[in-house]
Amino acid sequence: MDAELYLDYNTPYHRLDARTKIIVFLCIFVGVLMFQDPRWLIPTLLLVLVQLFVSRSARNLQRIRYVLLVMSISSIVLWNFFASGTTPLFWVFDVESMYYAIGRTILIFSIVTMGVILISTTRNEELIMGMIKMGLPYRVGFAISTSLRLVPTVAASLMTISQAQRSRGLDLESGNIVQRVKKFLPLLVPVFISSIRNTNIFGMALESRGFGAREERTYYLQMQMTKADWAVLTFFFIYVAVSIWLNVAGYGKIVGLVRF
Amino acid sequence: MTEPAVAIHDLTYRYRGTKQNAIEGINLVLERGDFLVLMGPSGAGKSTLATCINGLIPHFHKGKLEGAVIVCGKNTRDHTVAQMAEDVGLVFQDFEAQLFSTSVELEVAFGPENFAVPREEIATRIDENLTYVGLADFRNRPPSTLSGGQKQKLAIAAVLALHPKVLVMDEPTTDLDPISKMGIFEITNRLRQRSDLTLLVVEHETEEVLQADRIALLKDGRLVKVGPAREILRDVDLIESLGLMPLGIPRFFKAIGFDDTAAAAELPLTPAEAEVAYRRGGWRISSAAYEAMVARETAVEQSFRAKTPLIHCCDLEFSYPNGVKALDGISLDIYPGDIVAIVGQNGSGKTTLAKHFNGLLLPTGGTITVNGKTTKEQGIFRLGQLVGYVFQNPDHQIFSETVYDEVSFGPRLRGLPADQIKARVTETLKAVGLEGTEEEDPFSMTKSGRQRVAVAAVLAVQPDVLILDEPTTGLDYREQRSMMDMVRRLNENGSTIIFITHHMWVVAEYARKVFVIKDGRLFLEGTTREVFSHERELLEASLRPPHFIQFTNRLGRTMLRPAELIECTEGGAA
């Protein structure tokens, strides 16, 4: 079963240094926070979509499409409860709060997509290396990347386990959301047990190969910033600077919006 | 005098929260360059002893340790596991869980990195060790794309990259197909030539441990016997009494009264030795007896072919969403009441094929019908009533707090009345040999116990067909036998049985018919005898008959069991 998150392509985006990709991720994160008005968020959204396209990561995004859909719909509805405006639409929905909700949804979508792009194009070790080179302790970097590594393992065992239960007559495909969730609960027991078991072996294997044996450690993987990295970084620094300037100058706000 | 590589003194260990010692009073010394194999039934303490050597016990698994383990002069009590890693390498049975890097070379680099080995030196070690295990061409591949055997080889390379003086392997081949197994043993054999490396291997497979210098037999946490490999293996009665698999060849020769006391007449152990001994002993195979035996089998085969097939595959194809073709035009028939084995290399498509039989997977090409209707129109819920599927790992299946809840899950889902459910549970638990365990917690049972619970849970809906995916993996010989004897009883009571396995002796002993899958295609098919007579073709599919069958193939006939050869043997006492 193919549950890996990393997509082994050789796109220009894959070839970027992990540090560049982490910084780009942070730049978008900051940039997207600078605007409320969805119209002002369109450039950022386009920037994200271009990256998604160049890095060929759409496949991974597609895998979480249901999560994205549920998230987007609830975001578009729920933000209306936390804001109001001057032009009523119906019930708690105002034109301004609706704009605001759409803006927040673009924000969430952009950040999630950037996260997916980052892990789809960066090997685990590169991610650790990137984080270490940016000043994080090795163990912290390792812990973060290990938790990412667990995702495909847990997904794979969930798949096997749901197959095992379906073979026994558990019908996971019918019923409403509540019924389905209820039916899924028993599956979690074996998922947890097998995950704990795997983690245990993983821990033993790590220690048996000398994890943390010495204070200092060499890194076999070498990373080199190239001209492309600097070009991309320059572009994104300008993007962040412009976004912050626009924000300070008062652009991108929704007139008449009151947040609670 | 040089100090021994491993010295174990009066070692007793008890896991925290348990009442019994896992190992007790172990004394064992391994000199440098020694190759010792540790054998014993499930729960004998083999893994416990193995993990004592690199300090996982007592540092990782907490508990009460008495005595001492000294490895290369270091007491494991005073050094962390990571510190010991330079001296002791440990390879685990589970080849999935012990690899964690995204490329083969980084996997090997991980150990030396931790010991601050200079980068250029790491590069050299990667080359050297990947070449050693034969994975040099795979250095940039993600480990997840390797086959099971290759993963285990990678695990060995990753450990060897630390240049350990002692290498411990805990059942490295249990989950592998016969040829991948051989690949690992081939590496082991080369390793043993290295005088600087001491090897300790925990192993189930008696046929493969002939190469060892010594064998230590372990039972209930105590050493039963330590001695030269051939001497221990010749003692088939002792091995069998410990619940281990005795070699078929010495067992046969003992049964026909081979005179072990005569000068230069050592009880043969390998197929080559056996052939010589058989011919020298003046024994012959009676063609008439053999042909009569084959004729009986052919008659049975004819009677099956006269029936309507229960499962019928025609040009079955299956591709995963990512485009990988797992099945490529398989056509086969399975008849009601049969007992069939599906064999093949790791990743050949066996499990994918079996998952079509109960509708878990639907073909992307060709057709499959069960009981005359396609699996698609029947759906998994209805098919589940007809075709039960026991997954490889019982822990993927079991989730209830009591055996009763677990076994009654299927009947309850299918809306049976309460009294009938109760009767069903009692009946199925009896069938799997677990009567009276209704109130027990399945998670606290042994692996073979959980395996039986899983089978019972599937049997409880009374399917006509039972599919078992690797029912004997992770069990010791005695447990394997009793599991398969149970499966055979179910077959005799009318169930159609399809099992997937890597254990060739299980196939030889229990299957009537065999399908060999290779690269998603049906490579060979026939009665068990026919299939095992094609030794060369089997080799292409990474399979190999058990030693005993290899021996009879050398004699020109295929006998599945010692009893058959005894029946067909004439002459002797020349």
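Residues numbered from 1 in each chain as written. Chains lettered and ligands numbered in written order. Predicted model: local features only at pLDDT ≥ 70, side-chain atom pairs only at ≥ 80, totals over all residues. Heavy atoms only, no water.

A. Quick look at the overall build of chain B. Helix and strand counts for chain B stand at 23 helices and 22 strands. Taking 2.2 N^0.38 as the reference for a compact globule, 574 residues should give roughly 25 Å; the C-alpha atoms of chain B span a radius of gyration of 25 Å, in line with that estimate. With the C-alpha coordinates aligned to their principal axes, the bounding extent of chain B is approximately 75 × 65 × 50 Å. Every one of the 574 residues in chain B was classed for burial, and the buried ones make up 59%. Sequence separation of 24 or more characterises 67% of the internal contacts of chain B that already satisfy a separation of 6 or more. Taking the 62 positively charged and 77 negatively charged side chains of chain B as two groups, their mean positions are separated by 1 Å. (Helix = DSSP H or I, 4+ residues; strand = E, 2+ residues; numbered from the N terminus. Rg over C-alpha atoms; globule rule 2.2 N^0.38 Å. Buried < 20%, exposed > 50% of the residue type's maximum accessible area, 1.4 Å probe, protein only. Contact = heavy atoms within 4.5 Å. Lys, Arg positive; Asp, Glu negative; His and termini not counted. Charge placed at Lys NZ, Arg CZ, Asp CG, Glu CD.)

B. How the structure looks around the overall build of chain A. Per the secondary structure count, chain A includes ten helices and four strands. Once the C-alpha set of chain A is aligned to its principal axes, its extents read approximately 65 × 55 × 30 Å. Scored against the burial criterion, the 260 residues of chain A give a buried share of 46%. Counting only contacts in chain A whose residues sit at least 6 apart along the sequence, the fraction spanning at least 24 positions is 77%. A total of about 13,500 Å² of accessible surface is found on chain A, and carbon and sulfur atoms cover 70% of it. Of note, chain A has its 25 positive side-chain charges centred 3 Å away from the centre of its 15 negative side-chain charges. (Areas by Shrake-Rupley, 256 points an atom, 1.4 Å probe, with all protein chains shown as cover.)

C. A look at the pattern of salt bridges. Considering all chains together, one arrives at 46 salt bridges over all chains under this definition. Note that Glu406 of chain B and Arg168 of chain A form a salt bridge whose closest N and O atoms lie 2.8 Å from each other. On the criterion of chain membership, the pair formed by Glu406 of chain B in helix α15 (residues 403–413) and Arg168 of chain A in the loop between α8 (138–167) and α9 (177–208) is interchain, its members lying in two chains. Across this residue pair, the class does not change: Glu406 of chain B and Arg168 of chain A are buried. With a closest N to O distance of 3.8 Å, Glu570 of chain B and Arg284 of chain B form a salt bridge. (Salt bridge = Lys/Arg side-chain N within 4 Å of Asp/Glu carboxyl O.)

D. Representation of the side chain of Ser145 of chain A. All names here are of chain A. Relative to the helices and strands, Ser145 is located in helix α8. Since its relative accessible area comes to 3%, Ser145 is described here as buried. Look past the residues within four positions of Ser145 in its chain and what remains in contact with it is Asn124 and Ile128.

E. Up close: the packing of helix α10 (residues 248–255) of chain B against helix α11 (residues 271–280) of chain B. Residues and elements named next belong to chain B. It is the contact of α10 with α11, at a shortest axis distance of 10 Å, that shows an interaxial angle of 20°. Accordingly, the angle class assigned to the pair α10 and α11 is roughly parallel. Pair α10 / α11 crosses with left-handed handedness. Facing α10, whose interface residues are Ile249, Phe252 and Phe253, α11 presents Pro271, Ala274, Ala277 and Tyr278. Looking at the contact of α10 with α11, its residues break down into seven nonpolar, no polar and no charged. (Axes fitted to C-alpha atoms, helices over the stretch in contact; angles between N-to-C directions. Parallel < 35°, antiparallel > 145°, perpendicular 65-115°, else oblique. Left-handed = near helix turned anticlockwise from the far one by under 90°. Nonpolar A, V, L, I, M, F, W, Y, C, P; charged D, E, K, R; others polar.)

F. Summary view of unusual backbone geometry. Residues and elements named next belong to chain B. Cis geometry is adopted by the peptide bond preceding Pro58, which originates at Ile57 and carries an omega value of 10°. Assignment of secondary structure puts Pro58 in helix α2 (residues 56–59). Not every positive phi belongs to a glycine, and Glu171 is a case in point at roughly 45°. Looking at where Glu171 falls in the secondary structure, it is placed in the loop between β7 (166–170) and α7 (178–193).

G. Highlighting empty space enclosed by the protein. For the structure on display, the rule yields eight cavities of 30 Å³ or more. Taken as a whole, the largest cavity spans an internal volume of roughly 240 Å³. As for the largest cavity, its lining consists of 19 residues, and the residues nearest its centre are Glu125, Ile128, Tyr138 and Phe142 of chain A together with Phe110 of chain B. Where the lining of the largest cavity is concerned, the elements lending two or more residues are α7 (124–133) and α8 of chain A together with α4 (104–114) of chain B. With five residues, the single largest contributor to the lining of the largest cavity is α8 of chain A. Looking at side-chain class alone, the lining of the largest cavity contains eleven nonpolar, four polar and four charged residues. The volume enclosed by the second largest cavity comes to roughly 150 Å³. Taken together, 13 residues line the second largest cavity, and the ones lying closest to its centre are Glu205, Glu207, Met504, Trp505 and Arg544 of chain B. Per-class residue counts for the lining of the second largest cavity are six nonpolar, two polar and five charged. Counting residues domain by domain, the lining of the second largest cavity receives three or more from each of domain 1 (6–249) and domain 2 (293–543) of chain B. (1 Å grid on protein atoms, 1.4 Å probe; cavity = no way out; pocket = protein on both sides within 12 Å on 5 of 7 lines; lining within 4 Å. Points joined across faces, edges and corners; volume = space filled by probe spheres on them. Domains from an automatic or database assignment.)

H. The arrangement of the domain arrangement of chain B in detail. Residues and elements named next belong to chain B. Per the domain assignment, the segments making up chain B are domain 1 (6–249) and domain 2 (293–543). Using only C-alpha atoms to locate each centre, domain 1 and domain 2 end up separated by 32 Å. Between domain 1 and domain 2, the residue contacts involve 21 residues of the former and 17 residues of the latter. Overall, the association of domain 1 and domain 2 removes approximately 1,400 Å² of surface from exposure, summing both partners, and the carbon and sulfur fraction of that is 55%. At the junction of domain 1 with domain 2, the criterion picks out zero salt bridges. In this assembly, domain 1 and domain 2 are joined by seven residue pairs in polar contact (both at pLDDT 80 or more). When residues of the side of domain 1 that touches domain 2 are traced back to their parent elements, those giving at least two are α7 and α9 (236–241). (Buried area = accessible area lost by both parts, 1.4 Å probe. Polar contact = N/O pair within 3.5 Å; in protein donor to acceptor, adjacent residues only side chain to side chain.)

I. Focus on the sheet that holds strand β17 (residues 387–390) of chain B. Residue and element names in this part refer to chain B. Strand order in the open sheet made by the six strands is β17-β18-β19-β14-β20-β21, with mixed pairing throughout. On the outer flanks of this sheet lie β17 and β21 (521–527), each paired with one strand and no other. Averaged over all neighbouring strand pairs, the angle between strand axes comes to 15°, with direction disregarded. Its contacts with the sheet put helix α14 (residues 375–386) on β17 and β18 (465–469), and the angle it makes with β17 is roughly 90°. Contacts from helix α18 (residues 477–492) reach β14 (339–344), β18 and β19 (496–500) within the one sheet, and its direction differs from that of β19 by about 150°. (Pairing = 2+ DSSP bridges.)

J. How the structure looks around the environment of Leu136 of chain A. Residues and elements named next belong to chain A. Positionally, Leu136 belongs in the loop between α7 and α8. Given the relative accessible area of 32%, Leu136 is considered partly exposed. Each C-alpha atom, one on Leu136 and one on Phe25, is 17 Å from the other, the two residues being 111 residues apart in sequence.

K. Representation of α14 of chain B. With twelve residues, α14 of chain B should cover 16 Å at 1.5 Å per step; its first-to-last C-alpha distance of 11 Å lies more than 12% under that length. Along α14 of chain B, the positions that sit buried rather than exposed are Thr375, Gln378, Ile380, Leu383, Gly384 and Leu386 of chain B. Taken down its axis, α14 of chain B places every buried residue within 160° of arc, on the same side. Tucked inside the fold, the buried residues of α14 of chain B contact α8 of chain A together with α13 (350–357), β15 (365–370), β16 (373–374), β17 and β18 of chain B. (Expected span 1.5 Å × (residues − 1). Arc of directions from axis to C-beta.)

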